[in-house]
Structures are given as structure tokens and as C-alpha cells.
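Observations on chain architecture
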Amino acid sequence: MKLYNTLTKQVEEFVPHKKEEVTLYTCGPTVYNYAHIGNLRTYIFEDILEKTLRYIGYNVKRVMNITDVGHLVSDADAGEDKMLMSAKKEGKTMAEIADFYTKIFFDDITKLNIRKPDIIQKATDHIDQYIKMIKKLLEEGYAYQAGGNVYFDISRAKEYYQLSGKKEEDLLIGVRDDVTEDKNKRNPFDFGLWFTKSKFEEQEMKWESPWGLGYPGWHIECSGISIKYLGEYLDIHCGGVDNIFPHHTNEIVQSEAYLGHKWCNFWVHGEHLNDKTGKMSKSKGEFLTITLLESKGYQPIVYRFFCLQSHYRKQLVFTYESLDIATTSYNKLKSRVNNIENDDMSLDNNIIKNYQNKFKDALRSDLNTANALTCFYDLLKDNNVNNNTKLYLIKDFDKVLSLNLLDNQQETSPVLEKEINDLIKEREIAKNNKDYQKADQIRDTLSQKGVIVKDNKEGTIWELKK
Ligand code: AMP
Ligand code: ZN
């Protein structure tokens, strides 16, 4: 399997530490708000990675954290805790906020057919682990205390800039706007391991520690949970590209300082989903969630299909127009699959192997999901493959694609149905008023949603495109 490794900046052959098992750590959500569909793009790519590894024969042990404390408004240790900010805004405790948004996060990933990681751990459940690590980092001179807080001293890190591939000066420009200078730090990129005193005094969740009542920094949480559940040698660590610096950079230096050896060989990052303004935001503009898409009549699984059509390392721009196109293609694809009737012919093993190899090759080439889909379309139109074999392969490919392709019913959600019926009524009115231009426009809108409108003597009926 070949994967692009952010650490070496090249596509490399992936080799796990153990022959048959892959340990995979994926940064989880900060549960202070809903996940937007950009966040969910990252979880979709990680799901494809995990399922591909399983498909090609590995056991995968995957861990994900839930960040429920310590992630400050700026990733560079400035501002309030995001959880606290949300708790104050909603008049709830941080724990209530965490429970609420964690539950919704799991509902969202279920709707997108994302497999729940084997091990999911809350940051607040591992305070002892962070304290143990921070103690050792202090003993060995990798960390220092200042102003009541404990910081990692990045001057002790050998290759602090390797993962980001950027120079200190460039990174400084990147964070300057974001950061209010913390006078306790010896170096601007030193980062907080444990906070007791600071402008974050109001922090609601605090724990006893050798350095006083306080709470952990965000970065130590992922290192701590990963090392506790996946051991000293990690095969793959994932996240979105915004995690490269400072989060993953800091995870590397503190983990390797603590362990005394190299920690993780493969760092795999997903590019962002942007909206038309250039950045997906939880505060400005329309807050794009899966629930919002559903309320507009879109099936969540179509969003997964939309993501799989492009490469995880390419930026993707979200528009409703492109989601409409994806809806039409998805409905067509699904109805083509539904029209394949089992002919009870015997399975053709050579064909199965051939197609599986093509499908694997696409995914093994740095998760080329678009080519994997092409392989799927090739199968559908291949007249040399009997239907039984086709159905077998579709089921097999869907272990990775997870597009519900063999569910017989075309899903029209109640919301979509209502929207279609409303448009049909509006079209009727337009026709009665002899406003044929408007009637045609509505027909086009429906067509983009994958709906065919048929007028007959009794009135208008509609069906989803085959
Ligand atoms: P957070 O909940 O903010 O900790 O982020 C959860 C995950 O979403 C992280 O892996 C981020 O790197 C990723 N992420 C944040 N914004 C985007 C975006 N616009 N597109 C794709 N992934 C994102
Ligand atoms: Zn993380």
C-alpha cells in the first residue's frame, strides 16, 4: 500500500511495525459544537483508510479521542477553552456540552456509514497518564515550569520543523495574528503541557497535580491516549491538514522525548473542504452540518459519495450545485445496481480476482477513491460478467465504499418527498397561469435532484431517475 507521508513529503510504501496489525490513531472531535461537513470529510477519509487496510488483509486497531477539555480557541495556547466558551454560551456545564455534542457526532458518523473506531477515549478520563508523562518530561529537562504552568521546551527537540516542512520565520507569520504573547514561554512555539495559572483561571474542570490544581494542554491528550492504548510504536497518525502545525508537530516532539525513540512513521493528512468563501466556519455564514443537509432533503450518504469522487489530498469546494449533481449520479448508480437481477449463474472466480485487484490497486495508490469508483462503473457495464458475480463484487466493494448500494429501496427521505411535492404543486400553479417558463425551470430543478416529472391525464406524477 502506498500512502503520502507528511513526514517525508512523498508517497511511500506503507510498512507497519508488526506484520499483520496496523495501529491507527485519528484525532477526534472537540465536542464544543456540532461537527461541520468539513470535519466530517476528514472522518470519511480516515474511514476509507481504515477499511482499505482491512480490505487488503490487515487487522486494524484504531483509537480516537474525544477532546472535552484543553483545546483553546487558538491552537497555539491562546484564548479561552472552546468547551468552556460553549458551556457559558449555552448555560450548561462543560460535561453536559461534551455529552450533548458527542452524541450528535456519533449520530452524524453513523449516517455517513463511518465505522466507529474500536477504542474511543475521552481526554478527561486520562489525567493520570498526562501527569505521568509531564513528570518525566520535567525530570529529563524537556519541560519547564513558568508562571504556574508547565511548558515543553522546543529547543530540546531535534527536528521540530520536519512535519510542517516550514521555517520558523514562516510559521511565526502564520500564527502572529492568532497569538497573544505568553510571557512565560522561553520560545514562542513552546507549548502548554499543564495549566494552573493563566488568563484561563475560570476553567471549570480542574484536577490535582504536582504543579497545582489545573488542566492539561490539548496536545498531550492525543499523545497520552495514543501511547496508552496503542503502545510505544504507532503505525499511522491521521488528521486534517490544520492539525499538522502545531498539534501534530507538538505531539511528535513530546511523545518522542517521553519515549526516548521514534514514535510514528506515517503521518497522513486530509485536505480541507471549503465553502465558497474559502473556509468552512462554525461561526460565520451558514453552518453546514449533516442535519442541515438532511433538512434540505439531501441524503447524508450522498455527501459521502461526493467526498469519494475526489482525492483526499485535494482541497474540495462545497456548493449545493455540486451536491445536486452528486445526488443525481448517486441515484442513477443505485438504481442501476437495483436493476441487476440475480441470474443464479455460478460465481466467476477469475473475474472476481481481476476486479478485486483493480479495486485494490486504486485504493493502494494513496487511496484513489475516484479510480476505485471508476472500477465499480466498469464492472456495471461489463457484459462479460454475469449478474451473480456482479452482485458479489458490488457487495465486496461496498465494504470499503460503504454507499449502501445494495439496499433495495431508493431512499427518499420524508423531507425530500415534501420538497418534491411542494415543487410539483408550484409547477401546477405556474402551468395553470400559463407561466411555462417557470414551469420548465421547476422541472429542471427537480431533474437536478434526480427526479423525473411525468404529466398525464390524471395530473403529474414523479419518480427518481434510474
Ligand atoms: P476539531 O473538532 O476542530 O478538533 O476538528 C476535527 C477534525 O476536523 C480535525 O481532524 C481537523 O483537522 C478537521 N478539520 C477541521 N476543519 C476542516 C475542514 N474545513 N475540512 C476538513 N477537515 C477539517
Ligand atoms: Zn489530536
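Anything mentioned here points back to the structure above.
I will try to describe carefully the structure that is included in this document. All figures in this text were calculated on a predicted structure; none of them were measured in a lab.

As a further point, take the overall build of the chain. Counting its secondary structure elements, the chain contains 15 helices and 17 strands. What you see for the chain is a C-alpha radius of gyration of 25 Å, in line with the 23 Å of a compact globule of 466 residues. Across its three principal axes, the chain shows a C-alpha extent of roughly 85 × 60 × 35 Å. Relative to its full complement of 466 residues, the chain shows a buried share of 55%. In the chain, of all internal contacts separated by at least 6 residues, the share reaching a separation of at least 24 is 76%.

Now for the site of ligand 1. Surveying the vicinity of ligand 1 reveals 17 residues, the closest of which are Thr-30, Gly-38, Thr-42, Asp-242 and Leu-273. In this structure, a nitrogen atom belonging to ligand 1 sits 3.1 Å away from a main-chain N or O atom of Gly-38. When the free accessible area of ligand 1 is taken as 500 Å², the share hidden by the protein chains comes to 91%. Those elements that provide at least two residues to the shell around ligand 1 are helix H1 (37–55) and strand E12 (234–240). Here the shell around ligand 1 gets four residues from one element, more than from any other, and that element is H1. Across the shell around ligand 1, the residue classes break down as four nonpolar, eleven polar and two charged.

This next bit is on the coordination of the zinc ion (ligand 2). Six octahedral donors around a metal ideally subtend angles of 90 or 180 degrees, whereas four tetrahedral donors ideally subtend 109.5 degrees. The protein atoms that coordinate the zinc ion (ligand 2) are Cys-27 (SG), Cys-222 (SG) and His-247 (NE2), at distances spanning 2.0 to 2.2 Å. Donor residues for the zinc ion (ligand 2), ordered by position in the chain, follow C-x194-C-x24-H. Residue Cys-27 is found in the loop between strand E3 (21–26) and H1, and its partner His-247 is found in helix H7 (residues 244–259); the two are separated by 220 residues along the sequence. Residue Cys-27 is classed as buried on the basis of its relative accessible area, which comes to 9%.

Before going further, it helps to examine the pairing of strand E6 (residues 78–81). For strand E5 (residues 72–74) and E6, the ladder comprises two bridges, and the chain directions are antiparallel. Looking across to E6, one finds that Ser-74 is bridged to Ala-78. Between E5 and E6, which follow one another and run antiparallel, lie three residues, and Asp-77 among them has a positive phi close to 65 degrees.

This part takes up the pattern of salt bridges. Opposite charge on two side chains permits pairing when their charged atoms draw close. Per the counting criterion, the structure on display carries 24 salt bridges. Across the pair Glu-21 and Lys-18 runs a salt bridge, and its minimum N-O distance is 3.8 Å. Residue Glu-21 is classed as partly exposed on the basis of its relative accessible area of 26%. Close ionic contact of Arg-62 with Glu-50 constitutes a salt bridge, the shortest N to O distance being 2.9 Å. You can see Arg-62 sitting in strand E4 (residues 59–66) and its partner Glu-50 sitting in helix H1, a full twelve residues away along the chain. On the basis of relative accessible area, Arg-62 is assigned to the buried category, the value being 1%. Among the residues examined, Glu-50 registers a relative accessible area of 0% and is labelled buried. Here the salt bridges share partners, and the residues they tie into one network are Glu-46, Glu-50, Arg-54, Arg-62, Arg-115 and Asp-118.

The five strands lie next to each other as E7-E4-E3-E12-E13, forming an open sheet whose pairing is parallel. The open sheet has two free edges, formed respectively by strand E7 (119–122) and strand E13 (264–270), since each of these has just one partner strand. Neighbour to neighbour, the strand axes of the sheet diverge by 20 degrees on average, direction disregarded. Strand direction decides the pairing type here: E3 and E4, joined by six bridges, are parallel. Pairing of Val-22 across the sheet is with Val-60, part of E4. The strands touched by helix H3 (residues 94–111) within the sheet are E4 and E7, with E4 carrying the most contacts at an inclination of about 145 degrees. Contacting E12 and E13, H7 runs over the sheet at an angle of about 170 degrees to E13.

Conventions adopted
- Residues numbered from 1 in each chain as written.
- Chains lettered and ligands numbered in written order.
- Predicted model: local features only at pLDDT ≥ 70, side-chain atom pairs only at ≥ 80, totals over all residues.
- Heavy atoms only, no water.
- Helix = DSSP H or I, 4+ residues; strand = E, 2+ residues; numbered from the N terminus.
- Rg over C-alpha atoms; globule rule 2.2 N^0.38 Å.
- Buried < 20%, exposed > 50% of the residue type's maximum accessible area, 1.4 Å probe, protein only.
- Contact = heavy atoms within 4.5 Å.
- Near = heavy atom within 4 Å.
- Polar contact = N/O pair within 3.5 Å; in protein donor to acceptor, adjacent residues only side chain to side chain.
- Areas by Shrake-Rupley, 256 points an atom, 1.4 Å probe, with all protein chains shown as cover.
- Nonpolar A, V, L, I, M, F, W, Y, C, P; charged D, E, K, R; others polar.
- Donors = N, O, S within 2.8 Å, 3.2 Å for Na, K, Ca; no water.
- Pairing = 2+ DSSP bridges.
- Salt bridge = Lys/Arg side-chain N within 4 Å of Asp/Glu carboxyl O.
- Axes fitted to C-alpha atoms, helices over the stretch in contact; angles between N-to-C directions.

Read these as geometric descriptors, not functional statements.
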